[in-house]
Amino acid sequence: MEKALVIGASGGIGAAIVNELKTRGVAVTSLSRSQDGLDVTSEASIAHHLDALSGPFDLIFVATGALVINGHQPEKSLKSLSVSGLADQYAVNAIGPALILKHSLRLLPRRARSVFAVLSARVGSIGDNGLGGWHSYRAAKAGVNQLIHGGAIELARSHKQAVAVCLHPGTVATDFTAHYPDHDKVTPDQAAQNLLDVIAGLTPAQTGGFYDYAGREIPW
């Protein structure tokens, strides 16, 4: 791997991914909302920032995402559902990454291996959901899983060696998880190492998949 693009590079996991890539000798281009004004809820913003880049990139890593948006906390029951909460979650966690893939196609090499990786979450697994709750966040992560899975099928027709996947990083000690102290957490640096090790081992046969930080497949 020689060149990588990290989107969401100012977040806890995104920043750690950037640092780990640089440690591994990879040239990194970074984009984020706080540093560059990239708004993943705006296709115009996504197009503006990605159109300004020159590829190809061996890795495009989408580390954007949010759990609490505009004051909407994860729902403990159906009574807490709201139109705006559902829409905001889907805009940030599903539509945003899908539009990034749409505008990244020209940045991926046609005849060489590449990986387009999106941070998802195990709670987006329908088959693994035995607790309920967190309805809008779960739905948005299930949504991005489907969008990347479908996109991977199309991508494989033009980019034979490309791999597009969703990745679950585990519970990482960032501001994102600060209000959930009961979970076992790993540091962002360890999460970045784990995720990049998984990415390094992916093959085109695994494109469209959903994997955890150890490379284990997660049920849809």
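Structure report, in brief. (Residues numbered from 1 in each chain as written. Predicted model: local features only at pLDDT ≥ 70, side-chain atom pairs only at ≥ 80, totals over all residues. Heavy atoms only, no water.)

Side note on the overall build of the chain
Consideration 1: Scanning the chain from terminus to terminus reveals six helices and six strands.
Consideration 2: Start at the N end of the chain and walk to the C end: the helices and strands fall as β-α-β-α-α-β-α-β-α-β-α-β.
Consideration 3: Taking 2.2 N^0.38 as the reference for a compact globule, 220 residues should give roughly 17 Å; the C-alpha atoms of the chain span a radius of gyration of 16 Å, in line with that estimate.
Consideration 4: Dimensions of the chain, computed from the C-alpha atoms along their principal axes, are close to 50 × 35 × 35 Å.
Consideration 5: Taken over 220 residues, the chain has a buried fraction of 46%.
Consideration 6: Sequence separation of 24 or more characterises 70% of the internal contacts of the chain that already satisfy a separation of 6 or more.
Consideration 7: Carbon together with sulfur atoms contributes 52% to the accessible area of the chain, which is approximately 10500 Å² in total.
Consideration 8: The positive charge centre, built from 18 side chains, and the negative charge centre, built from 18, are 5 Å apart in the chain. (Helix = DSSP H or I, 4+ residues; strand = E, 2+ residues; numbered from the N terminus. Rg over C-alpha atoms; globule rule 2.2 N^0.38 Å. Buried < 20%, exposed > 50% of the residue type's maximum accessible area, 1.4 Å probe, protein only. Contact = heavy atoms within 4.5 Å. Areas by Shrake-Rupley, 256 points an atom, 1.4 Å probe, with all protein chains shown as cover. Lys, Arg positive; Asp, Glu negative; His and termini not counted. Charge placed at Lys NZ, Arg CZ, Asp CG, Glu CD.)

Things to note about a nonpolar patch on the surface
Consideration 1: A cluster of nonpolar residues, Leu 78, Leu 81 and Leu 86, forms a patch on the protein surface that exposes about 260 Å² of accessible area.
Consideration 2: Structurally, Leu 78 is set in the loop between strand S3 (59-62) and helix H4 (83-104). (Patch = residues over 30% accessible without salt bridge, like charges linked within 9 Å, V, L, I, M, F, W, Y side chains within 5 Å. Salt bridge = Lys/Arg side-chain N within 4 Å of Asp/Glu carboxyl O.)

Some thoughts on unusual backbone geometry
Consideration 1: Put simply, Gly 55 and Pro 56 share a cis peptide bond, and its omega is 0°.
Consideration 2: Phi at Asn 70 takes a positive value of approximately 50°, unusual for a residue other than glycine.
Consideration 3: Looking at the element boundaries, Asn 70 is found in the loop between S3 and H4.
Consideration 4: Residue classification places Asn 70 among the exposed positions, given a relative accessible area of 64%.

Considerations on the nonpolar core
Consideration 1: Leu 5, Ile 7, Leu 50, Ile 60, Ile 100, Phe 116 and Ile 148 are the most contacted members of the largest nonpolar core, which has 28 residues in total.
Consideration 2: When contributions to this core are tallied by element, the ones reaching two or more residues are strand S1 (3-7), helix H3 (43-51), S3, H4, strand S4 (114-119), helix H5 (135-158) and strand S5 (162-168).
Consideration 3: In contact with Phe 116, other than residues within four places in its own chain, are Ile 60, Val 62, Pro 97, Ile 100, Leu 101, Ser 104, Ile 148, Val 163, Ala 164 and Val 165.
Consideration 4: Counting residues in hydrophobic clusters, the runner-up holds 27 residues, among them Ala 9, Ala 16, Leu 119 and Val 198. (Core = buried A, V, L, I, M, F, W, Y, C linked by side-chain atoms within 4.5 Å.)

Notes on H4
Consideration 1: Taking 1.5 Å per residue as the helical rise, H4 with its 22 residues ought to reach 32 Å, and the 30 Å between its terminal C-alpha atoms agrees with that figure.
Consideration 2: Within H4, the axis deviates most sharply at Ala 91, by approximately 40°. (Expected span 1.5 Å × (residues − 1). Bend = angle between axes of the 7 residues up to and from the residue.)

Considerations on the packing of H3 against H4
Consideration 1: The geometry of H3 relative to H4 is characterised by a closest axis approach of 10 Å and an angle of 35° between their N-to-C directions. Classified by chirality, the crossing of H4 by H3 is right-handed. For the pair H3 and H4, the contacting residues are Glu 43, Ile 46, Ala 47 and Leu 50 in the first and Gly 96, Leu 99, Ile 100, Lys 102, His 103 and Ser 104 in the second.
Consideration 2: Of the residues belonging to the contact of H3 with H4, the class tally is five nonpolar, three polar and two charged. (Axes fitted to C-alpha atoms, helices over the stretch in contact; angles between N-to-C directions. Left-handed = near helix turned anticlockwise from the far one by under 90°. Nonpolar A, V, L, I, M, F, W, Y, C, P; charged D, E, K, R; others polar.)

Things to note about the pattern of salt bridges
Consideration 1: One pass over the structure, following the stated rule, counts five salt bridges.
Consideration 2: One salt bridge connects Asp 197 with Arg 24, and the closest N-O pair in it is separated by 2.9 Å. Taken together, the residues span a long stretch of sequence, with Asp 197 in helix H6 (residues 188-201) and Arg 24 in the loop between helix H1 (12-23) and strand S2 (27-31) at a distance of 173 residues.
Consideration 3: The shortest N-O distance in the salt bridge between Arg 216 and Asp 212 comes to 2.7 Å.
Consideration 4: Among the charged side chains, a salt-bridge network with shared partners connects Glu 20, Arg 24 and Asp 197.

By themselves, these are just geometric observations and shouldn't be taken as functional.
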